[in-house]
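Each chain is listed here by its residues.
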Amino acid sequence: MLNPFIHWIEAKGPTAPWLFLALFIAASFLMLWRLEVMSKRGFEGTVLGTLVMPYCSGMGNLIFAFIIGRRGGDGGDVMINSLVNNVTNMTLVLGLPAIFWGINILPSQKNKNKGAGKTQAINRLSVLLTLSAVLFFSGTVWALGRNGQIAFNEGMVLVWMFIFWQFTHVIEVLKGNVRQGKSLGWTLPFDLALLAIGAYGIYVSTDWLVNWISQVHTGFVSAKHLGWLSGWVMVLPNGILAFYYGWRRQPETVYASQIGDAHVSIPLCIGIYAMFHTLVIPPFFQMGMIILFGATFVHLFFVAVLGQLPRAAGWLLVAAYGVFLYRGLMK
């Protein structure tokens, strides 16, 4: 159906990769636009971040894992893609909004008498639960990969864990709507249709870009760094989300969107690839996991004790991302 459009872009020669990258970003913006609409119709706060946003901001990672698995590509690229996605989210993408605006999950003193206290206390508990899930899912992948590979059976376990996790959030949305007398709205099918169009645009652009990079064998932008390059491209929607909701002073959504997206990459993307082919663990896996665990514990500590991510912690997380890049690319 889109073949004439794809051929038209390919005919642009050297600018074709940039046009497909623009298509990827435009499709992501389409999904984020409808996401904002859905946020006012029964998907709010941390539930919005953990149930809806991950599929919008993490759709590229999910499609990347499917494409590489279907083509029989290197599973190490899928693992690196997932690590780049999760570590970038948990360090750089959350650290920078904390530096610029601060991320305060609890209400200020002047808002405590306006009913904000109870809602934000619940948000803090939800964020803590989701952060704990990051540790659980990442720890499960680490344990399953200690023998150097993740095979079909382990992949099924990871996928079913993710499905169960999402099912519990669906139930929470429905319970909350029943309590508040809300419905998901008659436009939900239309919203889902636009999300599907955005997802297809991401699929087309990701498929072409993966094929293009796989044929380049010299320089940094080449097949050698496919996992890193794809991870950075696919983290762009996450960064847009974090800065947008940070600017709007919706810290619980900033948090939930990033840590919720982490569940799409680990375990879902890893599990999907393993159901196609056995995933051989790359050498950088252990160091990447250590940095991911460390960043998650930092978030757990500050959210549990202070109810916020201070600016000093933001600088610490950005520095940790620098270590991640150095150990992954320079060594």
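Cut-offs applied
- Residues numbered from 1 in each chain as written.
- Predicted model: local features only at pLDDT ≥ 70, side-chain atom pairs only at ≥ 80, totals over all residues.
- Heavy atoms only, no water.
- Helix = DSSP H or I, 4+ residues; strand = E, 2+ residues; numbered from the N terminus.
- Buried < 20%, exposed > 50% of the residue type's maximum accessible area, 1.4 Å probe, protein only.
- Contact = heavy atoms within 4.5 Å.
- Areas by Shrake-Rupley, 256 points an atom, 1.4 Å probe, with all protein chains shown as cover.
- Expected span 1.5 Å × (residues − 1).
- Bend = angle between axes of the 7 residues up to and from the residue.
- Polar contact = N/O pair within 3.5 Å; in protein donor to acceptor, adjacent residues only side chain to side chain.
- Patch = residues over 30% accessible without salt bridge, like charges linked within 9 Å, V, L, I, M, F, W, Y side chains within 5 Å.
- Salt bridge = Lys/Arg side-chain N within 4 Å of Asp/Glu carboxyl O.
- Axes fitted to C-alpha atoms, helices over the stretch in contact; angles between N-to-C directions.
- Left-handed = near helix turned anticlockwise from the far one by under 90°.
- Nonpolar A, V, L, I, M, F, W, Y, C, P; charged D, E, K, R; others polar.
- Core = buried A, V, L, I, M, F, W, Y, C linked by side-chain atoms within 4.5 Å.
- 1 Å grid on protein atoms, 1.4 Å probe; cavity = no way out; pocket = protein on both sides within 12 Å on 5 of 7 lines; lining within 4 Å.
- Points joined across faces, edges and corners; volume = space filled by probe spheres on them.
- Phe/Tyr/Trp six-rings, centres within 6.5 Å; stacked < 30°, edge-to-face > 60°.

Let's shift gears to the overall build of the protein chain. What the protein chain contains, in helices and strands, is 13 helices and four strands. Burial statistics for the protein chain: of 331 residues in total, 53% are counted as buried. Here the contacts in the protein chain between residues at least 6 apart in sequence split such that 82% fall between residues at least 24 apart. For the protein chain, the exposed area adds up to about 15000 Å²; of that, 69% sits on carbon and sulfur atoms.

Now for helix α5 (residues 75-100). The end-to-end C-alpha distance of α5 is 37 Å, a good match for the 38 Å that 26 residues give at a rise of 1.5 Å each. Of all the bends in α5, the greatest measures close to 45° and is centred on N89. With 23 of 26 residues buried, α5 lies mostly within the body of the structure. Sitting at the amino-terminal end of α5 is D74, which places a side-chain oxygen 2.9 Å from the backbone nitrogen of G76.

Right, let's talk about a nonpolar patch on the surface for a bit. Where nonpolar side chains cluster on the molecular surface, the patch consists of F152, M156, W160, I163 and M275 and spans about 470 Å² of accessible area. Among the structural elements, W160 can be located in helix α7 (residues 152-180).

Per the counting criterion, the structure on display carries two salt bridges. We note a salt bridge from D207 to R70, for which the minimum N-O separation is 3.5 Å. Remark: R70 occurs in helix α4 (residues 59-71) and D207 occurs in helix α8 (residues 188-214); sequence separation between them is 137 residues.

This part is about the packing of α5 against helix α13 (residues 311-330). What describes two packed helices is the angle between their axes and the distance between those same axes. One way to put it is that α5 packs onto α13 with a least axis distance of 7 Å and a crossing angle of 145°. Judged by the twist between their axes, the crossing of α5 over α13 is left-handed. The segment α5 lies against α13, with L83, V84, V87, T88, M90, T91, L92, G95, L96, A98, I99 and F100 engaging R311, G314, W315, L317, V318, A320, Y321 and F324. Among the residues forming the contact of α5 with α13, the class breakdown is 15 nonpolar, four polar and one charged.

Below, the discussion takes up the nonpolar core. Among the nonpolar cores identified, the biggest contains 80 residues, and M79, I150 and Y255 are the most heavily contacted of them. If sequence neighbours within four positions are ignored, Y255 has contacts with L94, I103, I105, V127, H299, V303 and L309. Counting residues in hydrophobic clusters, the runner-up holds seven residues, among them I9, V204, W208 and L209.

As a further point, take α4. Helix length check: α4 (13 residues) gives 18 Å between terminal C-alpha atoms against 18 Å at 1.5 Å per residue, within 8%. With 10 of its 13 residues buried, α4 lies for the most part within the structure. For α4, the full list of buried residues reads M59, G60, N61, L62, I63, F64, A65, I67, I68 and G69.

This paragraph deals with the side chain of S28. Looking at the element boundaries, S28 is found in helix α2 (residues 16-38). One polar contact links the side chain of S28 to the main-chain carbonyl oxygen of F24, over a distance of 2.9 Å. Ignoring sequence-local partners within four residues, the contact set of S28 consists of I202 and P237.

The next point concerns empty space enclosed by the protein. Per the counting criterion, the structure on display carries one cavity of 30 Å³ or more. The computed volume of the largest cavity comes to approximately 40 Å³. As for the largest cavity, its lining consists of F24, I25, S28, F29, L32, L236, P237 and I240. It is α2 that contributes the most residues to the lining of the largest cavity, five residues altogether. Taken together, the residues of the lining of the largest cavity break down into seven nonpolar, one polar and no charged.

This part covers the layout of surface pockets. In this structure, the second largest pocket occupies an estimated 400 Å³ of space. Lining the second largest pocket are 16 residues, and of these I80, W228, P282, P283 and F284 sit closest to its centre. Of all the elements in the fold, those that place two or more residues in the lining of the second largest pocket are α5, α9 (226-234) and α13. Taken together, the residues of the lining of the second largest pocket break down into seven nonpolar, four polar and five charged.

Per the counting criterion, the structure on display carries 16 aromatic pairs. Counting every residue linked through ring pairs, the aromatic cluster contains F220, W228, W232, F284, Y321 and F324.

As for its placement among the helices and strands, S265 is situated in helix α11 (residues 251-274). The exposure class of S265 is buried, given its relative accessible area of 0%. Ignoring sequence-local partners within four residues, the contact set of S265 consists of N61, S82, N85, N86 and I270.

With that settled, the discussion passes to unusual backbone geometry. Residue I266 is joined to P267 through a cis peptide bond whose omega torsion reads 25°. Turning to its location among the elements, P267 is positioned in helix α11.

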